[in-house]
Amino acid sequence: MNSLIEVQKKLLPDLLQVMQKRYQILQYIRLMQPIGRRSLSTSLGLSERILRTEVQFLKDQDLIDIHTSGMSLTKEGSSLLIILEEMMKDVLGLSHLENKLKERFNLDKVIVVSGDSDQSPWVKKEMGRACVSCIKERLDGKNIVAVTGGTTTAAVAEMMTPDSKNREILFVPARGGLGENVENQANTICAKMAERASGNYRLLHVPDQLSKDAYQSIIEEPSIKELLSIMKSSSMVVHGIGDAKTMAERRRTPEADFLKIKKGNAVGEAFGYYFDHEGEIVHKVQTVGIQLSDIGEVPNVIAVAGGASKAKAIRAYMKQALDSVLITDEGAANELIRD
């Protein structure tokens, strides 16, 4: 397959460009269906004239349906897209990126989706869809899935679907609330995942940041103690990785701590820990929930984060070498493989 693609790149480069464009159109329709042509044109940066021609071709091939509510994939279109995905990984060089990242960060699995979520917000949904597939691959008889907050894990929740094998799943938040938009809090994401997966959930009603005294008091509460025990026995953790400065601002971090994070040259954040370029911890938030020391006991840990701007944060966190799976996008992956 690889040799054939290399020949095509040399002899028929236009063919591969056309295939890539049509693949991207089908991919976006799957994520956003039903979607109107104008919205699709704006999102993909294609003129309406070019898109009209492409849409007509895809309709003639019985790959999409067009209704008054918008375009959607046919059964044949969905099947073709699944077949195309592995092929396009080679065409776009994503398989090469995945292998390089697996080797560099000593990971069990890396999934790289095409695009850069900094430039195209829909790429975040594609990472979410890839993460959902990854979660389902790793489900067992009885599952406890802990999830953190953030916009990327919110995209995972949005793309969640029921498990075809009807396995028992309990979703729990990995930590308390972030004190930010409700839709990006771990509790909200946890409940949404459970609803879409037809699973169960438990919520953690505590603030994200606590004083030492408040922390000691809260973790002794029987209901909190029980939930913490469940969280720490999770069979899977799904989490994002944040840019240090962005996360500190989002948490309304006290000035003294903010200066500590800044002086420590922190670039990344996960689970309330701030990391510098070398992956060293420069600050830790006093938070109720899963701690970094708990991650090593979890059988499946999935980090999902993308965008070229997040590369430094991802690299810093990955130096902890605690994850088994990284799901990212092309923008971040290209930055991560640079020395």
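Residues numbered from 1 in each chain as written. Predicted model: local features only at pLDDT ≥ 70, side-chain atom pairs only at ≥ 80, totals over all residues. Heavy atoms only, no water.

1. With respect to the packing of aromatic side chains
Step number 1: The tally for this structure, following the rule as stated, stands at 2 aromatic pairs.
Step number 2: Between tyrosine 28 and tryptophan 122, the ring centres sit 5.3 Å apart and the planes meet at 85°, which makes this aromatic pair edge-to-face. Highlighted residues: tyrosine 28 in helix α2 (residues 13-32) and tryptophan 122 in helix α7 (residues 122-137), separated in sequence by 94 residues. Take tyrosine 28 and tryptophan 122: they sit in the same class, and that class is buried. (Phe/Tyr/Trp six-rings, centres within 6.5 Å; stacked < 30°, edge-to-face > 60°. Helix = DSSP H or I, 4+ residues; strand = E, 2+ residues; numbered from the N terminus. Buried < 20%, exposed > 50% of the residue type's maximum accessible area, 1.4 Å probe, protein only.)

2. Considering the sheet that holds strand β10 (residues 273-275)
Step number 1: Strands sit in the order β8-β9-β10-β11 across an open sheet of 4 strands; the sheet is antiparallel. The strands lining the two open edges of the sheet, one partner per strand, are β8 (242-243) and β11 (281-284).
Step number 2: Bridge count between β8 and strand β9 (residues 268-270): 2 bridges; the pairing is antiparallel. Bridge pairing in β9 places aspartate 243 opposite glycine 268. (Pairing = 2+ DSSP bridges.)

3. Regarding unusual backbone geometry
Among all residues save glycine, negative phi is the norm, and among peptide bonds the norm is trans.
Step number 1: Looking along the chain, the bond that leaves glutamine 33 and enters proline 34 is cis, with omega of -5°.
Step number 2: Secondary-structure assignment places proline 34 in the loop between α2 and α3 (37-44).
Step number 3: For phenylalanine 271, which is not glycine, the phi dihedral falls at a positive 60°.
Step number 4: Mapped onto the secondary structure, phenylalanine 271 falls in the loop between β9 and β10.
Step number 5: Since its relative accessible area comes to 4%, phenylalanine 271 is described here as buried.

4. A short note on the packing of helix α8 (residues 151-159) against helix α9 (residues 186-197)
Step number 1: Between α8 and α9, the least distance of the axes is 8 Å, while the angle of their chain directions is 20°. Overall, the two elements α8 and α9 adopt an arrangement that is roughly parallel. Along this stretch, α8 crosses α9, giving a crossing that reads as left-handed. For the pair formed by α8 and α9, the contact residues are Thr153, Ala154, Val156, Ala157 and Glu158 on the first element and Ile189, Lys192, Met193 and Arg196 on the second.
Step number 2: Looking at the contact of α8 with α9 residue by residue, the classes come out as 5 nonpolar, 1 polar and 3 charged. (Axes fitted to C-alpha atoms, helices over the stretch in contact; angles between N-to-C directions. Parallel < 35°, antiparallel > 145°, perpendicular 65-115°, else oblique. Left-handed = near helix turned anticlockwise from the far one by under 90°. Contact = heavy atoms within 4.5 Å. Nonpolar A, V, L, I, M, F, W, Y, C, P; charged D, E, K, R; others polar.)

5. Focus on the domain arrangement of the chain
Step number 1: Each assigned domain of the chain is listed with its residue range as follows: domain 1 (4-89) and domain 2 (93-337).
Step number 2: A straight line from the C-alpha centre of domain 1 to that of domain 2 covers 31 Å.
Step number 3: The partner domain 2 presents 12 residues to the 10 residues of domain 1 that form the contact.
Step number 4: Interface area, domain 1 with domain 2, both sides summed: about 990 Å², of which 51% is carbon and sulfur.
Step number 5: Ranking the residues of domain 1 by area buried against domain 2 places Gln27, Leu31 and Lys89 at the top, with a combined share of 60%.
Step number 6: On the surface where domain 1 and domain 2 come into contact, there are 8 residue pairs in polar contact (both at pLDDT 80 or more).
Step number 7: Sorting elements by how many residues they give to the side of domain 1 that touches domain 2 places α2 first, with 6 residues.
Step number 8: Taken together, the residues that form the side of domain 1 that touches domain 2 break down as 4 nonpolar, 3 polar and 3 charged. (Domains from an automatic or database assignment. Buried area = accessible area lost by both parts, 1.4 Å probe. Polar contact = N/O pair within 3.5 Å; in protein donor to acceptor, adjacent residues only side chain to side chain.)

6. Let's talk about the UniProt feature "domain: CggR N-terminal DNA binding" (unreviewed entry) in the chain
Step number 1: With numbering matched to this structure, UniProt assigns "domain: CggR N-terminal DNA binding" (unreviewed entry) to residues 18-88.
Step number 2: The span residues 18-88 is 70% helical and 11% strand by assignment, and the distance between its end C-alpha atoms comes to 12 Å. (UniProt positions renumbered as here; feature names shortened; annotations may be inferred.)

7. Observations regarding helix α5 (residues 75-91)
Step number 1: Across its 17 residues, α5 extends 24 Å between first and last C-alpha, which sits within 8% of the 24 Å expected from 1.5 Å per residue.
Step number 2: Largest kink in α5: about 35°, centred on glutamate 85.
Step number 3: Three or more residues of α5 are buried, namely Gly77, Leu81, Leu84, Glu85, Met88, Lys89 and Val91.
Step number 4: Positive backbone phi, approximately 80°, marks glycine 93, located one or two places after α5. (Expected span 1.5 Å × (residues − 1). Bend = angle between axes of the 7 residues up to and from the residue.)

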